[in-house]
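Observations on the model geometry
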Amino acid sequence: MPKAYVFTRYGGPETEALVEVERPVPGPGQLLVAVRVAGVNPVDWKLRTGYRRPTDTGERVFPAVLGSEVSGVVEAVGEGVDGFAVGDEVFGNTLTGGYAEYTLLPVALAAHKPAGLSFADAATLPVAAATAYDGVHQLDLPVGATLLVTGAGGGVGAATVQIARALGLRVVGVASAGKKDFVESLGALHVPSGPGWSDRAQAAAPDGVDAVYDLVGGEVLTEAAKLLTDRTKLITAGAPEDDVKSLGGARVTRARTSAVLDAVARLVVQGDLDPHVVQRFPLAEAGEALRTVEDGHARGKVVIEVAG
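Residues numbered from 1 in each chain as written. Predicted model: local features only at pLDDT ≥ 70, side-chain atom pairs only at ≥ 80, totals over all residues. Heavy atoms only, no water.

1. A word on the pairing of strand β12 (residues 211-214)
Quick note on the threshold: Exposure classes here rest on a 1.4 Å probe applied to the protein chains alone. A residue is buried below 20% of its type maximum, exposed above 50%, and partly exposed in between. Helix and strand assignments come from DSSP, with helices taken as H or I runs of at least 4 residues and strands as E runs of at least 2, each series counted from the N terminus. By this definition, two strands are paired if DSSP reports at least two bridges between them.
Judged by which residues are buried, β12 turns out to be covered on both faces: Ala-211 and Tyr-213 on one side and Val-212 and Asp-214 on the other are all buried. Bridging between strand β9 (residues 146-150) and β12 involves three bridges; their strand directions are parallel. Looking at β12, one finds that Val-149 is bridged to Tyr-213. In the sheet, β12 pairs with strand β13 (residues 234-236) via three bridges, with the strands oriented parallel. Paired with Val-212 across the bridge in β13 is Leu-234.

So this is what it looks like as structure tokens:
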């Protein structure tokens, strides 16, 4: 039986285990994919803790496979599937978890992997890069405008900086002092996070900022809002909707379409977006991979290589 890395109840790392599971069967509009690489994201451990619960599927059924983005090869197609065939190299958002040898992708959230895109890079795009893409396009800023990004050194932040720069925006990236070189290598003006960061941001952008893309939430979001005269240009992927609405802003509206996946893949192939895969782990070490992201110190993306 194929293996998968699961959590057996809500809680900490003690709830995780590598187990054998039944191979999924694709239903209508679904692809069965042999996973090559799975992306690791903060949302994975947040789901495990119960901080984020399913919104459209009722109560979670345990054991639940961790992970939500993969790349791989189509093994079987469900009824009514057009445009995909067995043997196709694909990537997308999973229905049945990503830290596994096999998973299901809905065709609406799957895309063909271009030949010039590695499986590792492709596996990082459906969550972080797509979230970055959706947010930057939601802000709809003109060329030359200044965008401030909080949490610029993380997976979504790094993608946001690069996508914004590709669109001709000036970017101020707030991140820890240890990520200065990394953030600057992406094309952003680095501002150290921590107490007084908003004063440092004002000094770095004396003419002000035109928009804020927040990836941190909490007090950082509140401070960031004060830098704007137009709060409709405040968006967040790091705070609950009520928190940002009270400040006059909005949550990032996710498109969740194959078209967005195609768009971010093109950016990588064109050289405008580097997912910055910094660490790779085998499936047997999925727990260590998740801990690397959960600790919050990863620069760029962490992936799990399931099959070669």
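2. A word on the packing of aromatic side chains
Any aromatic ring pair is given by two values, namely how distant the centres are and how the planes are angled relative to each other. For the record, the criterion: Working definition: a ring pair exists when centres of Phe, Tyr or Trp rings (six-membered ring for Trp) sit within 6.5 Å. Plane angles under 30 degrees give stacked, over 60 give edge-to-face, the rest tilted. For a Lys NZ or an Arg CZ to count as sitting over a ring, it must be within 6 Å of the ring centre and within 35 degrees of the ring normal.
Using the criterion set out here, one finds three aromatic pairs in the structure. A centroid spacing of 5.5 Å and a plane angle of 75 degrees characterise the contact between Phe-7 and Phe-62, whose relative ring orientation is edge-to-face. Placement of the pair is Phe-7 in strand β1 (residues 3-7) and Phe-62 in the loop between α1 (42-49) and β4 (64-65), with a sequence separation of 55 residues. Phe-7 sits in the buried class, given a relative accessible area of 2%. For Phe-62, a relative accessible area of 31% corresponds to the partly exposed category. Feature note: the residues Phe-7, Tyr-10 and Phe-62 constitute an aromatic cluster, connected by ring pairs. Between Arg-23 and the ring centre of Tyr-102, over which it is positioned, the NZ or CZ distance is 4.9 Å. The side chain of Lys-113 reaches across the aromatic face of Phe-119, ending 4.7 Å from its centre.

3. Some thoughts on helix α6 (residues 197-204)
What counts is decided by this rule: This arc is taken over the directions from the axis of the helix to the C-beta atoms. Residues count as neighbours in contact if any of their non-hydrogen atoms are within 4.5 Å of one another.
Taken together, the buried positions of α6 are Trp-197, Ser-198 and Ala-201. In an axial view of α6, the angular spread of the buried residues amounts to 95 degrees, which keeps them on one side of the axis. Structural note: α6 exposes Asp-199 and Ala-203 on the side pointing more than 90 degrees away from its buried face. Looking at the buried side of α6, the elements it contacts are β9, β10 (170-175), β11 (189-192) and α7 (218-225).

4. A word on the packing of α1 against helix α10 (residues 286-294)
Rules: The angle between two axes is taken between their N-to-C directions and runs from 0 to 180 degrees, where each axis is a line fitted to C-alpha atoms and a helix contributes only its stretch in contact. Roughly parallel refers to an angle under 35 degrees, roughly antiparallel to one over 145, roughly perpendicular to one between 65 and 115, and oblique to any angle outside these ranges. For this classification, the nonpolar set comprises Ala, Val, Leu, Ile, Met, Phe, Trp, Tyr, Cys and Pro, the charged set comprises Asp, Glu, Lys and Arg, and every other residue, Gly included, is treated as polar.
Where α1 contacts α10, the two axes come as close as 8 Å, and the packing angle between them is 100 degrees. Classified by the angle their axes make, α1 and α10 are roughly perpendicular. Contacts between α1 and α10 pair Pro-42, Asp-44, Trp-45 and Arg-48 from the former with Leu-290, Arg-291, Val-293 and Glu-294 from the latter. Across the contact of α1 with α10, the residue classes tally to four nonpolar, no polar and four charged.

5. Points about the sheet that holds β4
Each strand in a sheet pairs with another by means of backbone hydrogen bonds, the pair being arranged parallel or else antiparallel. Here we have three strands laid out as an open sheet, ordered β2-β1-β4, and antiparallel in their pairing. Among the strands making up the open sheet, the edge pair consists of β2 (16-20) and β4. Judged from the two bridges that link them, β1 and β4 form a sheet pairing that is antiparallel. Following the sheet pairing, Phe-7 is matched in β4 by Ala-64.

6. Looking at the environment of Thr-8
The residue Thr-8 is located in the loop between β1 and β2 in this model. Residue class for Thr-8 comes out partly exposed when judged on its relative accessible area of 38%. For Thr-8 and Glu-69, which are 61 residues apart along the polypeptide, the C-alpha to C-alpha distance reads 20 Å. The contacts of Thr-8, once residues within four sequence positions are left out, are Thr-15, Phe-62 and Pro-63.

Shape descriptors only; they carry no functional weight alone.
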